[in-house]
Amino acid sequence: MEFLLEPPLALSFLAAAVLLTLAPGPDNLLVLALGMARGSRAGVAFGLGCALGCLNHTVLAALGVSALIAASPLWFNLLRGVGAAYLIWLGWQTLRSSGAALLRPDAGDEASPWQLFRRGLLANALNPKVVLFFLAFLPQFVSAGSPASYQIVQLGLLFTLQGALIFSLIGASAGRLGAILQRHPRWALWLDRLAGLVFIGLGWRLLLV
């Protein structure tokens with residue numbers, strides 16, 4: 001039992017994690033845009049992928065690999081370039097659909113929920129800023145009572161679970177809003193374009209900032 005987080009510590013971490021997850025950021029924008037453009041199932045699937053991508057950063061932080069990446073400009077810039085290129089590619093794929101996926105759910109260019117889940121997983125896992133965030137945030141809630149690696153894993157799991165819930169709610173809500181807007185065929189085109197531009201914009205931001 002000494003390896004488990006103390007309840008007060010876990011609750012304080014959970015409160016901070018919820019506030020950080022609700023704060024406007026790249027993941028929120030991606031889930032919101034995709035949910036509006038492709039519907040609730042797409043938004044929830046992508047949001048769950050983004051949330052579970054945090055497990056990658058949890059493992060890296062527990063093993064100390066995040067510290068190595070943060071200390072190496074070469075590896076950090078390489079990861080940033082790959083992550084930015086992936087986001088830009090997702091945006092381009094979304095722009096290419098030109099609303100067809102919304103008007104014809106069985107269209108060939110419509111990504112399945114599983115595909116969207118994997119895209120969200122990769123989009124989060126390849127974001128070096130999330131690597132640095134986990135490296136800076138999780139250790140603040142580590143106590144001296146048990147090994148740090150065990151505590152970091154538990155904190156990462158808590159962060160992932162609350163993120164999955166919040167992103168799912170955002171994706172589902174965005175899908176309902178998008179369904180209202182999509183009653184007019186022209187909105188389908190513009191919603192897909194908006195989602196694509198959000199992906200591309202965040203990709204460039206990751207690359208340049």
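Read on for a plain summary of the structure. Nothing here was measured: the structure is a model prediction, and the numbers come from that model. (Residues numbered from 1 in each chain as written. Predicted model: local features only at pLDDT ≥ 70, side-chain atom pairs only at ≥ 80, totals over all residues. Heavy atoms only, no water.)

## Description of the packing of helix α2 (residues 26-38) against helix α3 (residues 40-52)
Defined as follows: As a rule, the C-alpha atoms of each element are fitted with a line to give its axis, helices using only the stretch in contact, and angles between N-to-C directions run from 0 to 180 degrees. Segments assigned H or I by DSSP are reported as helices when at least four residues long, segments assigned E as strands when at least two residues long, and all are numbered from the N terminus. Here the angle decides the label: under 35 degrees means roughly parallel, over 145 means roughly antiparallel, 65 to 115 means roughly perpendicular, and every other value means oblique. Whether a crossing is left-handed or right-handed is set by the direction in which the near helix is turned from the far one by less than a right angle, anticlockwise for left-handed and clockwise for right-handed. Throughout, a residue-residue contact means that at least one pair of heavy atoms, one from each residue, lies within 4.5 Å. Residues are sorted three ways: Asp, Glu, Lys and Arg are charged, Ala, Val, Leu, Ile, Met, Phe, Trp, Tyr, Cys and Pro are nonpolar, and all the rest, Gly among them, are polar.
One can describe the packing of α2 onto α3 by two numbers: an axis separation of 7 Å at closest approach and a directional angle of 155 degrees. For the element pair α2 / α3, the angle class is roughly antiparallel. Between α2 and α3 lies a crossing of right-handed hand. On α3, the residues that touch Asp-27, Leu-30, Val-31, Leu-34, Gly-35 and Arg-38 of α2 are Ser-40, Ala-42, Gly-43, Phe-46, Gly-47 and Cys-50. Within the contact of α2 with α3, the residues separate by chemical class into 6 nonpolar, 4 polar and 2 charged.

## So, the packing of aromatic side chains
Under the convention used in this document: Each pair of aromatic rings taken from Phe, Tyr and Trp, with Trp reduced to its six-membered ring, is defined by centres within 6.5 Å and is described as stacked if the planes are under 30 degrees apart, edge-to-face if over 60, and tilted in the remaining cases. Each residue is assigned to one of three classes by its accessible area relative to the maximum for its type, calculated with a 1.4 Å probe on protein chains only: buried under 20%, partly exposed between the two thresholds, exposed over 50%.
What the rule picks out here adds up to 4 aromatic pairs. Relative to Phe-117, the ring of Trp-114 has its centre 5.5 Å away and its plane inclined at 15 degrees; by these criteria the two rings are stacked. With a gap of 3 residues between them, Trp-114 and Phe-117 both fall in helix α8 (residues 113-125), about one helical turn apart. Under the relative-accessibility criterion, Phe-117 is labelled buried at 16%. Look at Phe-134 and Phe-159: their rings are 5.3 Å apart centre to centre, the planes differ by 70 degrees, and that puts the pair in the edge-to-face class. One end of the pair, Phe-134, is in helix α9 (residues 128-137); the other, Phe-159, is in helix α10 (residues 148-181), with 25 residues separating them in the sequence. Neither Phe-134 nor Phe-159 differs from the other in exposure class; each is buried. Grouped by ring-pair contacts, the aromatic residues Phe-13, Phe-134, Phe-141 and Phe-159 constitute a single cluster.

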